[in-house]
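Observations on chain architecture
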Amino acid sequence: MTTAQAQELDVQPTPLALLLLGREADPKSERGVECPGDLPSPSDPDLVERARVAKEKLGDKVFVLGHHYQRDEVIQFADVTGDSFKLARDAAARPEAEYIVFCGVHFMAESADILTSDEQKVVLPDLAAGCSMADMATAEQVAECWDVLTEAGIAEQVVPVSYMNSSADIKAFTGKHGGTICTSSNARRALEWAFQQGEKVLFLPDQHLGRNTAVREMGMSLDDCVVYNPHKPNGGLTAEQLRAAKMILWRGHCSVHGRFSLDSVNEVRERIPGVNVLVHPECKHEVVTAADYVGSTEYIIKTLEAAPAGSKWAIGTELNLVRRLANRFAPEGKEVVFLDRTVCFCSTMNRIDLPHLVWALESLAEGNLVNRIEVDEETEAFAKLALERMLALP
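Residues numbered from 1 in each chain as written. Predicted model: local features only at pLDDT ≥ 70, side-chain atom pairs only at ≥ 80, totals over all residues. Heavy atoms only, no water.

**Focus on the overall build of the chain**
In terms of helices and strands, the chain carries 17 helices and 14 strands. Taking all 394 residues of the chain together, 57% fall into the buried category. A sequence separation of at least 24 residues applies to 68% of the contacts in the chain between residues at least 6 apart. Summed over its atoms, the accessible surface of the chain is roughly 17000 Å², and 49% of this surface lies on carbon and sulfur atoms. (Helix = DSSP H or I, 4+ residues; strand = E, 2+ residues; numbered from the N terminus. Buried < 20%, exposed > 50% of the residue type's maximum accessible area, 1.4 Å probe, protein only. Contact = heavy atoms within 4.5 Å. Areas by Shrake-Rupley, 256 points an atom, 1.4 Å probe, with all protein chains shown as cover.)

**Points about a negative patch on the surface**
On the surface, a cluster of negative charge is made up of Asp118, Glu119, Glu140, Asp169, Asp376, Glu377 and Glu378. By the secondary structure assignment, Asp118 is in the loop between α5 (106-115) and β4 (121-123). (Patch = residues over 30% accessible without salt bridge, like charges linked within 9 Å, V, L, I, M, F, W, Y side chains within 5 Å. Salt bridge = Lys/Arg side-chain N within 4 Å of Asp/Glu carboxyl O. Lys, Arg positive; Asp, Glu negative; His and termini not counted. Charge placed at Lys NZ, Arg CZ, Asp CG, Glu CD.)

**Looking at the nonpolar core**
The biggest cluster of nonpolar side chains holds 108 residues, and the ones touching the most others in it are Val101, Phe203, Met247, Val279, Leu304 and Leu361. Residue contributions to this core peak at seven residues, all from helix α16 (residues 354-365). Excluding residues within four positions of it along the chain, Leu304 makes contact with Leu278, Trp313, Ile315, Leu325, Phe329, Lys334 and Val336. If you look at the next biggest cluster of nonpolar residues, it comprises 21 residues, including Trp146, Ile154, Val158 and Ile170. (Core = buried A, V, L, I, M, F, W, Y, C linked by side-chain atoms within 4.5 Å.)

**Structural notes on the packing of α5 against helix α17 (residues 377-391)**
Running from amino to carboxyl end, α5 crosses α17 at an angle of 90°, the nearest separation of the two axes being 10 Å. Considering their axes alone, α5 and α17 lie roughly perpendicular with respect to each other. Contacts between α5 and α17 involve Asp113, Ile114 and Leu115 on the former and, on the latter, Glu380, Ala383, Lys384 and Leu387. (Axes fitted to C-alpha atoms, helices over the stretch in contact; angles between N-to-C directions. Parallel < 35°, antiparallel > 145°, perpendicular 65-115°, else oblique.)

**A closer look at the pattern of salt bridges**
Per the counting criterion, the structure on display carries 19 salt bridges. Two residues, Glu49 and Arg52, come together in a salt bridge whose shortest N-O distance is 2.5 Å. With Glu49 and Arg52 both in helix α2 (residues 45-58) and three residues apart, the pair spans about one turn of that helix. Owing to a relative accessible area of 39%, Glu49 belongs among the partly exposed residues under this scheme. Its salt-bridge partner being Arg372, residue Glu374 comes within 3.6 Å of it at the nearest N-O pair. With a relative accessible area of 56%, Glu374 lands in the exposed category. Residues joined in a network through salt bridges with shared partners are Glu49, Arg52 and Glu56.

**A word on the confidence of the model for the chain**
Interpretation of this model should avoid reading the predicted coordinates in detail wherever pLDDT is low. Overall, the predicted model of the chain reaches an average pLDDT of 89, with 89% of residues at or above 70. For residues 1-37, every residue scores under 50 in pLDDT, and the model assigns this stretch 60 contacts once sequence neighbours within four places are set aside. (pLDDT = per-residue confidence, 0-100.)

**Looking at the pairing of strand β12 (residues 312-316)**
Along β12, four of the five residues are buried, which leaves the element largely enclosed by surrounding structure. By the bridge criterion, four bridges tie strand β10 (residues 276-279) to β12 in an arrangement that is parallel. Bridging across to β12, Val277 finds its partner in Ala314. Bridge count for β12 against strand β13 (residues 335-338) is four bridges, and the pairing is parallel. Bridge pairing in β13 links Ala314 to Val337. Running through helix α15 (residues 319-329), the crossover from β12 to the neighbouring parallel element β13 is right-handed. (Pairing = 2+ DSSP bridges. Right-handed = clockwise from strand over helix to strand, strands pointing away.)

**Quick look at the side chain of Ser132**
For Ser132, the position within the fold is in helix α6 (residues 132-135). Given the relative accessible area of 13%, Ser132 is considered buried.

**A word on the packing of α2 against α16**
Close contact between α2 and α16 brings their axes to 9 Å; oriented N to C, the two are set at 30°. In terms of orientation, α2 lies roughly parallel with respect to α16. Like other packed secondary-structure pairs, α2 and α16 cross with a definite hand, here left-handed. Here Leu47, Val48, Arg50, Ala51, Ala54, Lys55, Lys57 and Leu58 of α2 lie close against α16, whose contacting residues are Leu354, Pro355, Val358, Leu361, Glu362, Leu364 and Ala365. In terms of residue class, the contact of α2 with α16 is made up of 11 nonpolar, no polar and four charged. (Left-handed = near helix turned anticlockwise from the far one by under 90°. Nonpolar A, V, L, I, M, F, W, Y, C, P; charged D, E, K, R; others polar.)

**Regarding the state of the cysteines**
Counting across every chain of the model gives zero disulfides. The thiol of Cys346 is not disulfide-bonded; the next cysteine sulfur, from Cys254, is found 6.5 Å away. Given a relative accessible area of 15%, Cys346 falls into the buried group. (Disulfide = S-S within 2.5 Å.)

**Remarks on the environment of Tyr299**
Among the secondary structure elements, Tyr299 is positioned in helix α14 (residues 297-306). Along the primary structure Tyr299 and Leu278 are separated by 21 residues, whereas in three dimensions their C-alpha atoms are 9.7 Å apart. With residues near it in sequence (within four places) discarded, Tyr299 still touches Leu278, Tyr293 and Val294.

**Thoughts on the sheet that holds β4**
Read across the sheet, five strands follow the order β2-β1-β3-β4-β14 without closing on themselves; strand pairing throughout is mixed. For this open sheet the edge positions go to β2 (80-82) and β14 (372-373), each flanked by a neighbour on one side alone. Direction of pairing for strand β3 (residues 99-103) relative to β4: parallel, over a ladder of three bridges. Residue pairing for β4: Ile100 is matched across the bridge by Val122.

And the structure:
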């Protein structure tokens, strides 16, 4: 792609910390979206038995967490499944487990380490399992943003609210500056709390969840929101724009949910008459506005559980989960399809495969601690403060 093409598509340089994921990128998608097609064939069936034996040998010493977006071959060994925050809390509720094996991505393992005891050790089977959204906000960039807000004379009015899908450093920044963490389920409550503390919110790192919550659920206008771009001087905003805004949205997004478009919604409605469109709030504002239902991963699952037989659903979230839900509800006569015709897995989630899980479990069974995720004490203290503020929300 030429420089001119990149500028036309508003493609930003990818930090070196981000791995090159997959191939066949769609240049018209948001940065980080990769759709390499279907997954490889399942791993060697012998690995299933090896994982079972290693897990059985470890017994109560190990607790395996499986995020909803994980492959089926990994999920089958999870003691509990859920979204990132639910899993971190589940780990904290199992103090007898010496090892927490988190089948998810890096920021999730960090959150588990923050919430569990010092005696527990959190393991990520593949250290390359990161999150492009979390990587879109670095500690240095956010510190620079705060300097910009200070120079504009509004920092004292701003309360940071950071999505759970952020690094421990960003959670710590949030705690240190009087802010709170939110999930996709409680983002409105977190924002309502923040506006009781100050006049403005700096929302990190997912612009779409922040915008959708503020506009769709809290009655703000799109004009109340500005987007801070860390790749541009002063975030690409004037001091006047910052002073006028209520919501200062970080220019970040989920690479999977950013894939869905208004065309996706219109196409599926034409293809499947009577279909219900159900999407995650990390989707773009125009997608959320066009959908019939919007909610977190847990909301999506519960909505399908309560849906009547014979109903049809197009789901805008990660494909592993959608396929699992389609198989689960097919016997009940519910039709569940992926919102977009293009297959698009979460590339980093899919780095946790059966070979990596087997290696991690067998290593632990042999007494070798591998791939431990450990947050330093100062970062942990401030990050935990932000998380505790969230837990105290009414």
